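Okay, here's what each chain looks like letter by letter:
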Amino acid sequence: MPYTKTFFVMQVLHQPPFAFLQGLGISVPEFADVHYQLSPRELVRQTLQQGEGELTDSGALAINTGKFTGRSPKDRFIVDDDKTNGSIDWNEINQPFTPENFAKIYDRMLRYFRKKELWVRDAYACDDPRYRLPLRIITEKPWASLFCYNMLLRPGGRELEHFIPEWTLLHAPGCKADPATDGTRQGNFAVINFTRKMILIGGTAYTGEIKKGIFSVLNYLLPREHGVLSMHCSANVGKANDTALFFGLSGTGKTTLSADADRRLIGDDEHGWSPDSVFNFEGGCYAKCINLCEEKEPQIYHAIREGALLENVRFFEGSSEVDYADGSITENTRVSYPIHYLENISQPSSGGIPKNIFLLTCDAYGVLPPLAKLTPFQAMYQFISGYTAKIAGTETGIDEPKATFSACFGAPFLPLHPASYAHMLGEKMRAHRVNCWLVNTGWTGGPYGAGKRIKLPYTRRMVKAVLAGELENIHCEVDPVFGLAIPDACPGIPNVLLHPRDTWSDKKAYDQQAGQLGRMFVANFEKFSGEASAEVLSA
């Protein structure tokens, strides 16, 4: 029978099977297989049957996403029409796309889907029912449907009987655009249309494009329509119901530090801050797993089991055991799994107003303190800056530390101007008297190659001290270059470590390096100066 697992649902809705596909313009002949809302086990079976994946010794499914092993920001577009023209922050990331070219791409995908075997999944984004976004994802790959099962919120049987999608996402890795006629840069594309409420992704199999396409939509809708601050951060909650947020770019420790045995995880990547709560956008986790080991990250390690989806990993020769240290395909190896695969989670995936916010940076120049308390205006400045530093070996052509600034710690996903998100953050911090801390998980005693990486147990101890209130009345010394308030002491931490200049044997070299990084901050912030207040600029 060509239609699987949908007959009952569609009969309840008094619709012929897959009438919604025909409504989208997708022709589904009698002999085409269309699979609806399949279980993870069935999706894994189909992937293996098609020869597109392998089972690991832990029971997880491993796939290869081909040419693209990460997002392609230069190939992401937003349709420029009456709805978006005056609201999108058009730039090299938010690239305008004409409605006419969208129609061409859409028609190309519809023609591509004809007679194709398709997988359809209905799901939600946003754990808070007040802001829930119903989604329908149609893809040509069973493992892509598994990814959506893992990452999004999963409606139950009764919800499916009355499910009405508000947004539709079409995912076709095998469908390539023609740049000469379709208005794209190359064959792959990700196009968001806020008027038609659609996301089109083609020419790339990297699943992160699905996740971040939906995130980009929420980053537009929630602040504008609901007054909810959308955030690229992890979040957890303590036994006293105190919520903490962790902002940071890839490699800064966002996922690692929020996974705390003494606190319940709300989510590891995308959240909203409403007037009365913080809530997870997702129903799963998408963790980097390069150099993953049980000792350092036991929760992630043990979540990689049946139903989890590994991307672009290698096996030890002659076995089905994953070699997590092997980055020969990409350093961006990933795994997705439902959040309930973790033991210590918040149910539902929400918490109260944050008490503490941590802005994480991996400073490879070795000049920022491992911990510093920020004023609300400093928090807004650091939030807009979104600083970290890439190190040699992470990307081709990088042979020394390189400063990286990504506004609001998520510039590729922000349709609005970064200052609008920072303004909302500042307002919420002042209204609720939220503490904000800068945490450097990078180097000390010198730059990368000369100094040493700050030990993870030290960073964990400093975060725990903040969350336990052990630093509430501590005396702080103001750093002369960055104006940061550095605690003079922290339980369990050598005092010399807290003040980065003291860890350098060559004080003059430290002063030069700190001055250079300070000038990088100033130069980067120039593009935001027109939208930032005088107080933020002075920070």
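Cut-offs applied
- Residues numbered from 1 in each chain as written.
- Predicted model: local features only at pLDDT ≥ 70, side-chain atom pairs only at ≥ 80, totals over all residues.
- Heavy atoms only, no water.
- Helix = DSSP H or I, 4+ residues; strand = E, 2+ residues; numbered from the N terminus.
- Rg over C-alpha atoms; globule rule 2.2 N^0.38 Å.
- Contact = heavy atoms within 4.5 Å.
- Areas by Shrake-Rupley, 256 points an atom, 1.4 Å probe, with all protein chains shown as cover.
- Lys, Arg positive; Asp, Glu negative; His and termini not counted.
- Charge placed at Lys NZ, Arg CZ, Asp CG, Glu CD.
- Buried < 20%, exposed > 50% of the residue type's maximum accessible area, 1.4 Å probe, protein only.
- Pairing = 2+ DSSP bridges.
- Phe/Tyr/Trp six-rings, centres within 6.5 Å; stacked < 30°, edge-to-face > 60°.
- Lys NZ or Arg CZ within 6 Å of the ring centre and 35° of its normal.
- Axes fitted to C-alpha atoms, helices over the stretch in contact; angles between N-to-C directions.
- Parallel < 35°, antiparallel > 145°, perpendicular 65-115°, else oblique.
- Polar contact = N/O pair within 3.5 Å; in protein donor to acceptor, adjacent residues only side chain to side chain.
- Salt bridge = Lys/Arg side-chain N within 4 Å of Asp/Glu carboxyl O.
- Disulfide = S-S within 2.5 Å.
- Left-handed = near helix turned anticlockwise from the far one by under 90°.
- Nonpolar A, V, L, I, M, F, W, Y, C, P; charged D, E, K, R; others polar.

Could you clarify how one ought to interpret the overall build of the protein chain in this entry?
Helix and strand counts for the protein chain stand at 17 helices and 31 strands. In summary, the protein chain has a C-alpha radius of gyration of 24 Å against a globular reference of 24 Å for 539 residues, a match within 12%. The principal-axis extents of the C-alpha atoms in the protein chain amount to approximately 75 × 55 × 45 Å. Considering only intrachain contacts with a sequence separation of at least 6, the fraction spanning at least 24 residues in the protein chain is 71%. Of the accessible surface of the protein chain, which amounts to about 21900 Å², a share of 50% is contributed by carbon and sulfur atoms. Each charge class in the protein chain can be summarised by its mean position, and for the 55 positive and 61 negative side chains these summaries are 1 Å apart.

Would you mind showing me how to read the pairing of strand E10 (residues 189-193) here?
On a regular strand, each side chain points to the face opposite its neighbour's, so the side chains alternate between the two faces of the sheet. E10 sits mainly inside the fold: five of its five residues count as buried. In E10, alternate side chains face the same way, and those of Phe189, Val191 and Asn193 on one face and Ala190 and Ile192 on the other are all buried. As paired strands, strand E5 (residues 76-79) and E10 are joined by three bridges and run parallel to one another. Note that in E10 the partner of arginine 76 across the bridge is alanine 190. Judged from the five bridges that link them, E10 and strand E11 (residues 198-202) form a sheet pairing that is antiparallel. Counted as the bridge partner of isoleucine 192 is isoleucine 199 from E11.

Just checking my understanding: could you explain the packing of aromatic side chains for this structure?
Each aromatic ring pair is specified by the distance between its two centres and by the angle formed by the two planes. Within this structure, the stated rule accounts for 26 aromatic pairs. An angle of 55° between the planes, with centres 6.3 Å apart, marks the rings of tyrosine 112 and phenylalanine 113 as tilted. Geometrically, the ring pair formed by tyrosine 387 and phenylalanine 521 is tilted, given 5.2 Å between the ring centres and 55° between the ring planes. On the criterion of sequence distance, the pair formed by tyrosine 387 in strand E25 (residues 387-390) and phenylalanine 521 in helix H16 (residues 507-525) is long-range, its members being 134 residues apart. Tyrosine 387 gets classed as buried once you look at its relative accessible area, which sits at 2%. By relative accessible area, phenylalanine 521 is classed as buried at 4%. The structure contains a cluster of three or more aromatic residues connected by ring pairs, namely Tyr381, Tyr387, Phe405, Phe482, Phe521, Phe525 and Phe528. Directly above the ring of tyrosine 341 sits arginine 305, whose terminal nitrogen or CZ lies 4.0 Å from the centroid.

Just checking my understanding: could you explain the sheet that holds strand E4 (residues 61-63) for this structure?
Within a beta sheet, neighbouring strands are joined by backbone hydrogen bonds and run either parallel or antiparallel to one another. The strand order across the open sheet formed by five strands is E3-E4-E18-E21-E17, and the pairing between neighbours is mixed. Both outer strands of the open sheet, strand E3 (54-55) and strand E17 (284-288), are each paired with one neighbouring strand and no more. In this sheet, strand E21 (residues 334-338) lies alongside E17 in antiparallel orientation, the contact comprising five bridges. Across the sheet, the residue bridging to tyrosine 286 is serine 336, located in E21. Those strands touched by helix H3 (residues 40-49) are E3 and E4, and its axis lies near 45° from that of E4.

Looking at this structure, how should I read helix H11 (residues 376-385)?
For an α-helix, 3.6 residues make a turn, and residues three or four places apart therefore share a direction. The buried count for H11 comes to eight of ten residues, which makes it a mostly enclosed element. Where H11 ends, the next residue or the one after it, glycine 386, has phi of about 55°, a positive value.

Help me understand the packing of H11 against H16 in this model?
In a pair of packed helices, the angle between the axes and the distance between the axes together describe the arrangement. It is at 10 Å that the axes of H11 and H16 come closest, and there the two elements cross at 80°. Taken together, the axis directions place H11 and H16 in an arrangement best described as roughly perpendicular. Contacts from Tyr381, Gln382, Ile384 and Ser385 in H11 reach Phe521, Val522, Asn524 and Phe525 in H16.

What's the story with the side chain of threonine 65 in this structure? I'm lost.
Of note, threonine 65 is situated in the loop between E4 and E5. The buried category is assigned to threonine 65, whose relative accessible area is 5%. At 2.6 Å, the side chain of threonine 65 and the backbone oxygen of phenylalanine 68 are in polar contact. For threonine 65, the residues in contact, after removing those within four places along its chain, are Ala205, Tyr206, Glu311 and Asn312.

What is the right way to look at the environment of serine 385 in this model?
Within the element layout of this structure, serine 385 appears in helix H11. Sequence separation between serine 385 and phenylalanine 528 is 143 residues; the distance between their C-alpha atoms is 9.1 Å. Within the local environment of serine 385, its side chain forms a polar contact with the backbone oxygen of tyrosine 381, the two atoms lying 2.8 Å apart.

Which parts of the structure should I look at to understand the pattern of salt bridges?
Side chains that carry opposite charge are capable of pairing whenever their charged atoms lie near each other. Under the definition given, this model contains 22 salt bridges. Linking glutamate 270 and lysine 211 is a salt bridge whose minimum nitrogen-to-oxygen distance equals 3.2 Å. Highlighted residues: glutamate 270 in strand E15 (residues 270-273) and lysine 211 in helix H8 (residues 208-226), separated in sequence by 59 residues. Residue glutamate 270 shares its accessibility class with lysine 211, and that shared class is buried. A salt bridge links aspartate 269 to lysine 212, with the shortest nitrogen-to-oxygen separation between them at 2.8 Å. Residue aspartate 269 is located in the loop between strand E14 (264-267) and E15, and its partner lysine 212 is located in helix H8; the two are separated by 57 residues in the primary sequence. There is no split in this pair, since aspartate 269 and lysine 212 are both buried. A network of salt bridges, in which partner residues are shared, links Lys211, Lys212, Lys254, Asp269, Glu270 and Glu282.

Is there a simple way to explain the state of the cysteines in this structure?
Think of a disulfide as a covalent bridge from one cysteine sulfur atom to another cysteine sulfur atom. Scanning the model with the defined rule gives zero disulfides in all. Here cysteine 148 stays unpaired: no disulfide links it, and the sulfur of cysteine 126, its closest cysteine neighbor, is 15 Å away. Between cysteine 476, a cysteine without a disulfide, and cysteine 490, which holds the nearest cysteine sulfur, the sulfur-to-sulfur distance is 11 Å. By relative accessible area, cysteine 476 is classed as partly exposed at 25%.

Help me understand the packing of H3 against helix H5 (residues 142-151), please; the structure alone is not making it clear to me.
Viewed as axis vectors pointing N to C, H3 and H5 meet at an angle of 155°, and their least axial separation amounts to 8 Å. Here H3 is positioned roughly antiparallel relative to H5, judged by the angle of their axes. Of the two elements, H3 crosses H5, and the hand of that crossing is left-handed. On H5, the residues touching Pro40, Leu43, Val44, Gln46 and Thr47 of H3 are Pro142, Trp143, Ser145, Leu146 and Tyr149. Tallied by class, residues from the contact of H3 with H5 come to seven nonpolar, three polar and no charged.

Honestly, it's all geometry; don't read function into it.
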